Amino acid sequence: MMVEKMMNIAVFASGNGSNAENLIKYFNTNPESRIRVALVVTNRASAGVVERASRLGVPVAHIARDRFADADHVLDQLDRYDIEAIVLAGFLLMIPDYLLHRYPDRIINIHPSLLPRHGGKGMYGANVHRAVVESGDTETGITIHLVNEVYDSGRILFQTSVPVLPIDTPADVESKIHALESLHFPRVVAETLL
Ligand code: GAR
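Quick caveat, the model's predicted, so the values are computed rather than measured.

Caption draft 1: Spatial organisation of the site of the ligand. In the neighbourhood of the ligand, 14 residues make up the surrounding shell, with Gly 17, Ser 18, Asn 19, Gly 125 and Glu 181 lying closest. Within the contact set of the ligand, an oxygen atom lies 3.4 Å away from a backbone nitrogen or oxygen of Asn 16. Between the ligand and the protein, one listed contact pairs an oxygen atom with a side-chain N or O atom of Ser 18 at 2.6 Å. With the chains in place, 91% of the 450 Å² that the ligand exposes on its own is no longer accessible. Structurally, the ligand is housed in the largest pocket. Secondary-structure elements contributing two or more residues to the shell around the ligand are helix H1 (18–28), strand S5 (107–111) and helix H6 (170–193).

Caption draft 2: Main features of helix H2 (residues 48–55). Listing the buried residues of H2 in full gives Val 49, Arg 52 and Ala 53. Seen from one end, H2 has its buried residues packed into an arc of 95°, which puts them on one side.

Caption draft 3: Just the environment of His 118, in detail. As for its position among the elements, His 118 is in the loop between S5 and helix H5 (125–134). Not counting residues within four places of it along the chain, the set of residues in contact with His 118 comprises His 111, Ser 113, Met 123, Val 128, Ala 131, Val 132, Ser 135 and Asp 137. Reaching out from His 118, the side chain makes a polar contact with the side chain of Asp 137 at a distance of 2.9 Å.

Caption draft 4: Quick peek at the nonpolar core. Formed by 36 residues in total, the largest nonpolar core has its most connected members in Ile 9 and Phe 185. Top contributing element to this core by residue count: H6, with 8 residues. When residues no more than four places from it in sequence are discounted, the contact partners of Ile 9 are Phe 27, Ile 35, Arg 36, Val 37, Ala 38, Leu 39, Ile 83, Ala 85, Val 87 and Leu 193. Counting 23 residues, the second-largest nonpolar core is a separate cluster that includes Ala 10, Ile 63, Phe 68 and Val 147.

Rules used in this analysis
- Residues numbered from 1 in each chain as written.
- Predicted model: local features only at pLDDT ≥ 70, side-chain atom pairs only at ≥ 80, totals over all residues.
- Heavy atoms only, no water.
- Near = heavy atom within 4 Å.
- Polar contact = N/O pair within 3.5 Å; in protein donor to acceptor, adjacent residues only side chain to side chain.
- Areas by Shrake-Rupley, 256 points an atom, 1.4 Å probe, with all protein chains shown as cover.
- 1 Å grid on protein atoms, 1.4 Å probe; cavity = no way out; pocket = protein on both sides within 12 Å on 5 of 7 lines; lining within 4 Å.
- Sits in = over half its atoms within 2 Å of the grid points.
- Helix = DSSP H or I, 4+ residues; strand = E, 2+ residues; numbered from the N terminus.
- Buried < 20%, exposed > 50% of the residue type's maximum accessible area, 1.4 Å probe, protein only.
- Arc of directions from axis to C-beta.
- Contact = heavy atoms within 4.5 Å.
- Core = buried A, V, L, I, M, F, W, Y, C linked by side-chain atoms within 4.5 Å.

Rendered as structure tokens:
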């Protein structure tokens, strides 16, 4: 009998971790899945994602911002879990070149707007939703894309939009975006990596 090899991925997250949790549940609780979230990497030891991953039995590596400069250290952590791809789920640091070289077209990011609108350095989470409301945009959405050496500019894999109403607050926009992320992100990751 042919046994299909499992692909181990790492999820990098800096914050609350709702997307990380969704990815872990989607991949790790489905016996048919050929992808497994084998490691969560965070630059913030106090981030909500740490508690969420631990509760779901996924090991967490805390790598502080300065330690990301140490390629040997970071690659050693990833190799320990045989990581073949990386998914950024609310990860706020720039991905260093050595990771781009090690994982070509194997690093995926989700951004909470319709790139190229409201992308770039400093544009994350609530900042993005505020910018959408302040600009009077009538729609927003999510972008799932490959990561390259420039913030939010790698090849787009998937986008979908949602209306923004004149009465919507940034918090309203955020909940619409989280619903889209939860619906689409794991499936697009699977389709891209398999
Ligand atoms: C998500 O909305 C994600 O799209 C966004 O951060 C949020 C993380 O939420 N990412 C960016 O803004 C990247 N520039 P979570 O911690 O609950 O998954």
